[in-house]
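Chain and residue survey
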Amino acid sequence: MQSSEPSLIGGGSIGAFFAFILTLIVLLILGNLAYMLLRRALDGRVSPRAAKWTAAILQYAVIIGGGYASARYLLAFDLNAVVASLGIISIVVAVSSTQITQNILAGILITINRPVQLEEWIVVGELPSTGLCRVRDFSFTTTILQGLDGSLILMPNSSIIASKVVNYSRGGLMEIRVSITIPAGRT
């Protein structure tokens, strides 16, 4: 007995595959909506950093959990086969993405150690340094700084961990250089 609907590799139908893709799109929208709603609910109650990370964890849980559930039921996804494949995939990913892994681990260290926080004024690095910048945002791999001229600097998290960081906001003092021109010959 043959089915009239064409099938993909593994016996799943094309209709089920398109339903899976549509479900992923809906999950992305729901994940972003959950992120925005939780951020709004937590803003003002906890620190901006804690609100951002908590909302991001919820967003990824919705997307990954929903993606797994839809793959399991729509595509007859076999978790045992995936777990067996993860060993090989993890070796390939580890070798090919050392820089990304360094930045993610540095992002976790920044979250735990908190050498810099949102809205603080810092200078990162020796030469060339970033100059005086305000910390605007953190992500898993980068820290976004805003320079005095308004430019945005996307700094890899591993650079912040490995470089000298001068935090002017925590010291309470800031050096301001002002050049003054005095005309010669006046007594």
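Residues numbered from 1 in each chain as written. Predicted model: local features only at pLDDT ≥ 70, side-chain atom pairs only at ≥ 80, totals over all residues. Heavy atoms only, no water.

**Brief notes about the packing of aromatic side chains**
Both the distance between ring centres and the angle between the ring planes are used here to describe each pair of aromatic rings. On inspection of all chains with the given rule, the structure shows three aromatic pairs. On the numbers, 4.9 Å between centres and 80° between planes, the contact of Trp 53 with Phe 140 is edge-to-face. Taken together, the residues span a long stretch of sequence, with Trp 53 in helix H2 (residues 48-74) and Phe 140 in the loop between strand E2 (133-138) and strand E3 (142-147) at a distance of 87 residues. An angle of 40° between the planes, with centres 5.8 Å apart, marks the rings of Tyr 60 and Phe 140 as tilted. Residue Tyr 60 is found in helix H2, and its partner Phe 140 is found in the loop between E2 and E3; the two are separated by 80 residues along the sequence. With a relative accessible area of 38%, Tyr 60 lands in the partly exposed category. Of the residues examined, Phe 140 reaches a relative accessible area of 34% and is grouped as partly exposed. (Phe/Tyr/Trp six-rings, centres within 6.5 Å; stacked < 30°, edge-to-face > 60°. Helix = DSSP H or I, 4+ residues; strand = E, 2+ residues; numbered from the N terminus. Buried < 20%, exposed > 50% of the residue type's maximum accessible area, 1.4 Å probe, protein only.)

Any functional reading would require information beyond the geometric quantities listed.
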